[in-house]
Structure formats: C-alpha cells, structure tokens
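Now for the letters of each chain:
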Amino acid sequence: SLALTVPTYIISALVLGAVSRDDLSAVTEAVRQRRAARHVEVAVEVMNERSSHVAEPALALATTSSRGSAMIMAAAQRGGSGPVAALDESVRIPTGAGTIGQDSTSVVAAPVTRPLSLPASRRPARGLARWRLLPSATVKLLTNGLIAHVPSFTLRHAWYRHVLGWRVGRDTAILMGQRVQMAGWRTSGRKVRIGDDAVINHGCYLYITGGLEIGSHVSISTGAWLMTGTHDMRSPDFADAYLPIIIEDYAWIGARAMILGGVTIGRGAVVMAGAVVSRDVPPGVVVGGVPARPVTTRDLDDLSYSLAYRPLFE
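Calculation rules
Residues numbered from 1 in each chain as written. Predicted model: local features only at pLDDT ≥ 70, side-chain atom pairs only at ≥ 80, totals over all residues. Heavy atoms only, no water. Helix = DSSP H or I, 4+ residues; strand = E, 2+ residues; numbered from the N terminus. Buried < 20%, exposed > 50% of the residue type's maximum accessible area, 1.4 Å probe, protein only. Contact = heavy atoms within 4.5 Å. Areas by Shrake-Rupley, 256 points an atom, 1.4 Å probe, with all protein chains shown as cover. Pairing = 2+ DSSP bridges. Core = buried A, V, L, I, M, F, W, Y, C linked by side-chain atoms within 4.5 Å. Phe/Tyr/Trp six-rings, centres within 6.5 Å; stacked < 30°, edge-to-face > 60°.

A.B. asks: When you look at the overall build of the chain in this model, what are you seeing that I'm missing?
C.D. replies: Helix and strand content of the chain: 8 helices and 19 strands. The buried share of the chain, taken over its 314 residues, is 38%. Summarising the internal contacts of the chain: among those between residues at least 6 apart in sequence, 45% fall at separations of at least 24. For the chain, the exposed area adds up to about 18,000 Å²; of that, 57% sits on carbon and sulfur atoms.

A.B. asks: Just checking my understanding: could you explain the pairing of strand β18 (residues 285-288) for this structure?
C.D. replies: Two faces, one strand: in a regular strand the side chains alternate between the faces of the sheet. Neither face of β18 is exposed, since V285 and V287 on one face and V286 and G288 on the opposite face are all buried. Alignment of strand β16 (residues 270-271) against β18, held across 2 bridges, turns out to be parallel. What sits directly across from V271, in β18, is V287. Direction of pairing for β18 relative to strand β19 (residues 293-297): antiparallel, over a ladder of 4 bridges. Bridge assignment links G288 to a residue of β19, and that residue is R293.

A.B. asks: Got a minute to help me understand the side chain of N144 in this structure?
C.D. replies: The topology assignment puts N144 in helix α6 (residues 134-145). Classification of N144 by relative accessible area gives buried; the value is 8%. When near neighbours in sequence (up to four residues on either side) are disregarded, N144 contacts H149, Q178, R179 and V180.

A.B. asks: Please explain the pairing of β19 as it appears in this structure.
C.D. replies: Counted residue by residue, β19 has 0 buried out of 5 residues, so it is predominantly exposed. Linkage of β18 to β19, two consecutive antiparallel strands, is achieved through a turn of 4 residues, within which G289 is found at a positive phi near 100°.

A.B. asks: It is not clear to me how the nonpolar core should be interpreted in this structure. Could you clarify?
C.D. replies: Most often, soluble globular proteins have nonpolar side chains that are buried together. Counting residues in each nonpolar core, the largest one holds 38 residues, and the members touching the most others are W166, I220, I247 and I265. Sorting the residues of this core by element identifies α7 (153-162), β4 (192-194), β7 (212-214), β12 (245-247) and β18 as the ones contributing at least two each. When near neighbours in sequence (up to four residues on either side) are disregarded, I247 contacts E213, I214, G215, V218, I220, L226, I253 and I265.

A.B. asks: Explain the sheet that holds strand β14 (residues 258-260) here, please?
C.D. replies: Adjacent strands of a sheet form backbone hydrogen bonds with each other and so pair up, either parallel or antiparallel. Pairing is parallel across the open sheet formed by 5 strands, whose spatial order is β3-β6-β9-β14-β17. The sheet terminates laterally at β3 (179-181) and β17 (276-277), the two strands that pair on one side only. Bridge analysis of β3 against strand β6 (residues 205-207) gives 3 bridges, and the strand direction is parallel. Pairing of Q181 across the sheet is with Y207, part of β6.

A.B. asks: Teacher, can you tell me more about the packing of aromatic side chains here?
C.D. replies: Geometry of an aromatic ring pair is reported as the spacing of the ring centres plus the angle between the planes. One pass over the structure, following the stated rule, counts 4 aromatic pairs. Ring plane angle 10° and centroid distance 4.7 Å describe the contact between Y160 and W166, whose orientation is recorded as stacked. Judged on exposure class, the residue Y160 and its partner W166 are both buried. Summarising the aromatic geometry, the rings of Y250 and Y305 are spaced 5.0 Å apart at their centres and angled 80° between planes, so their arrangement reads as edge-to-face.

This is how it looks when you write it as structure tokens:
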C-alpha cells in the first residue's frame, strides 16, 4: 500500500501545488529510509536464525554504510540475540546521535564510529587490482586455451620462447595439450630452461613458478606433473612455497608421475609411471611407488642416444 500511496500523493501534490519541492524531497527520502529499515529488519531476523559463520560475513557487508549499521544496532538493542546482538561490542551508536522513529518523516540515520568489515583475505579484489592482473591472466588463457592446442611445433615454441621467455634448446619437442601454471608470465618464464633434443609429451602439467630446469635428451611421458609450487601447511596464513625442479640429461619420467618442488632427478635416472617423487633421485637409479623408492638401477655406462621425436600435427 505504501508503494502505491506515496507516488499517488506526490503526483497529486505536484499537480495541485499543495507542497513545495523541499517537502517532496523530504517525504521521498523518508520513504526510502523506511523501506531500507524494513529490509534490514528482515535481514536481522534471518541472520539470527543462522550460524555465526554465515551471519558474520553478511553483517559485515550490511554495515558498510552508516545507515545500515545504525538500523542493525537498533534491532539488536531492541532485544536481538545471536550474531546480531554480538555487534554491541564492535559497533557503537553515539548516544543521541540519531533515532529511528515510527512515522515516515522521522527516520534519521545514526552515524557509526567503526563499521564492521570483512577480513582483508576475504574481501574481493578492488577494481584496479583486478585490472592489473588482466595481462597475466590473458597470457595464461591464451597459453593453455589456444597455443597448447595449435598443431604446430614452430608456433608453439615461438610462443614459449618469445612470449613466456622460456629457453628451449634445439630439436626439442613440446607436444600439444600442456597445462602451464605460472604466477607472472615473464618472471616465471625466465626460470624455465629446456636443453636440446628433449621431449615433453602430451598433457603434462608444468607448474613453473618455482623454476624448472630440464636437461638434454630428457623424455617426459604423457600426463606427468612437475609441481614447483605448494603451500606451507605450518603457515598461519597458508603461505605459498616455491622450490625448483631439476631434471638432468637422459632422465626418463614415466607417464602420470609427479615430481615435487625441490627435487633433482639425476643423469640417466628413471621415474616409473605413477610414482610421486619427493626426494632427490641419484643418477642412474630407477624409482617407483608412492612415495617413490629405489627399485633398481639403469646399468648404462655410456648414454649417448638421441630422441629426435617430432610427430606431425602433435
């Protein structure tokens, strides 16, 4: 009824000239504030019925304006319970600063000395900060969504070298379907070095932020994961942790094996399919299992073979 009555009153007043423009502005503002008060009261009722981990973020958002804070505190002081009542210690309304009256013309918002806010880690990124991430996000999207699926070694390698900044040796083959995870495309790319005649097969996951060094004549099979990034589980803020991975010449990484950050795979060593390697592998040693353990040795005195693998359209 309020939604129908007020517009009718305003139109009639304008036609008949019964009130001044200032009076109309005051009435319009009062109606708007009264609607806002009702919305806040409904929100308070809902939040009081929910657990605090849901209510607190919602209250923090609701108190971003002084009017919203005043209305919520007024509801709490009228006998609210649960999360809303707990606002009394964190948000104060100065005595006499303002009241919420019963009639539409006496709704006056009380200023708040310290409104609630979400923790910095839970706030959405500001517009400017998000725009600064746009170049890196765009390069990452193109790298994984487009370039990785182009059936041309020449084009893919040109992108990896000149856009991402990788150092890729002669006759090396990086096949289609790679997933590259990086923090910044230039800073991460400068930490990637791949030797001559190496092969990175289809569908590998290359987390390069910590640094990735792959020697010559290295064979990395389909679906292998090279994970230079992780999190510190003992950190109170779940801090990032990055460590380089080094794979020396003639090493062979089996299908779907995972190499964790800080690991060095020695010359001629073999990581069996599906193994998870968390410690260094000595030269010529074959490891397998989860976690990877030595299984046997690769008894080759002279490693001098060439992979020379570049299948057409792959």
